[in-house]
Amino acid sequence: MASQHTHTALVQFYDVMTKHFGPMHWWPGDTPFEVIIGAILTQNTAWTNVEKCITAIKNDNAMDPYSMHVMPDEILKEMIRSSGYYNQKTKKIRAFLDFFHSTYNADIDAMKRQPIEILRPQLLSLFGIGPETADSILLYALDKPVFVIDAYTRRILSRHHLINPSADYETIRSLFEDNLDRDVQLYNEYHALIVNLGKDFCGTKPRCEKCPLRQFLRDDEQKKCVGN
């Protein structure tokens with residue numbers, strides 16, 4: 001549900017983070033298909049590990065839905081080994097590829113033409129595709145205005161008292177989508193800014209003293225920041 005306080009806070013956060021970090025131009029990927037594969041591979045691992053996998057796939061000229069679909073599992077597993085959990089991720093990629101071919105004839109444009117109301121449940125029904133991965137695919141590969149929620153988003157909003165720490169994924173997603181314009185570029189930039197803020201300042205142990213969002217903490221919390 002939209003509220004003036006939440007809307008104002010989210011806009012202010014965005015403006016301050018943009019001033020601090022500058023334009024993000026994220027997500028890294030040469031094609032929508034590559035973005036989809038990257039979204040699956042990045043589960044439970046660092047992006048640097050995913051980059052190694054993507055490079056290996058590209059070096060084999062296999063970063064397309066046809067080549068990857070006919071690739072033997074053992075070869076795919078070796079290519080994505082550095083991402084961790086490569087046996088499970090191979091199954092996840094297979095599940096997506098089977099769906100992509102059977103439902104959309106491996107046509108990204110056909111997929112993009114579908115409304116979110118159809119695409120999101122389809123993706124969530126696939127093995128190994130949870131809300132964060134599905135929404136990453138929708139936003140970054142298919143240009144749909146869906147806000148991606150990750151651990152950084154939850155942590156930052158919780159520490160600034162905009163959500164309950166136990167809020168579920170859909171509640172947090174609705175908070176953004178109800179209080180910001182439904183705009184792909186805005187959501188893209190905002191999520192990228194959150195990821196950078198989380199990495200640089202709002203980790204498990206916060207580094208609040210130099211965080212650009214420190215000014216939005218309560219006075220007593222700002223005092224505790226000194227020395228962090």
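Residues numbered from 1 in each chain as written. Predicted model: local features only at pLDDT ≥ 70, side-chain atom pairs only at ≥ 80, totals over all residues. Heavy atoms only, no water.

### Let's talk about the nonpolar core
Definition in use: Residue types Ala, Val, Leu, Ile, Met, Phe, Trp, Tyr and Cys, when buried and joined through side-chain atoms within 4.5 Å, form a set referred to as a nonpolar core. The classification of residues rests on relative accessible area computed with a 1.4 Å probe and restricted to protein chains. Under 20% of the type maximum is buried, over 50% is exposed, and intermediate values are partly exposed. Contact definition: two residues touch when any of their heavy atoms are within 4.5 Å.
F96, L123, F176 and Y190 are the most contacted members of the largest nonpolar core, which totals 74 residues. Setting aside its immediate chain neighbours within four residues, Y190 contacts L10, F13, Y14, M17, F147, F176 and L180.

### Focus on the environment of L175
This is how the line gets drawn: Helix and strand definitions follow DSSP, with helices as H or I runs of at least four residues and strands as E runs of at least two, each counted in order from the N terminus.
Among the structural elements, L175 can be located in helix 11 (residues 169–179). With a relative accessible area of 12%, L175 lands in the buried category. For L175 and I149, which are 26 residues apart along the polypeptide, the C-alpha to C-alpha distance reads 10 Å. Those residues in contact with L175 that sit more than four places away from it in its chain are T6, L10, L157, L162 and I163.

### Comments concerning unusual backbone geometry
Residue Y85 is not a glycine yet carries a positive backbone phi of 50 degrees. Take Y85: it is sitting in the loop between helix 5 (73–79) and helix 6 (86–104). Despite not being glycine, A106 has its phi angle at roughly 55 degrees, a positive value. When you line up the elements, A106 lands in the loop between helix 6 and helix 7 (108–113). Residue A106 is classed as buried on the basis of its relative accessible area of 9%.

### Thoughts on the pattern of salt bridges
We apply this condition: The term salt bridge refers to a pairing of a side-chain nitrogen on Lys or Arg with a carboxyl oxygen on Asp or Glu at a separation within 4 Å.
A complete count under the given rule lists 11 salt bridges for this structure. With a closest N to O distance of 2.9 Å, E34 and K58 form a salt bridge. Of this pair, E34 sits in helix 2 (residues 32–41) while K58 is found in helix 3 (residues 47–59), placing the two residues 24 residues apart along the sequence. Residue classification places K58 among the partly exposed positions, given a relative accessible area of 30%. The structure contains a network of salt bridges with shared partners spanning R120, D135, E170, R173, E177 and R182.

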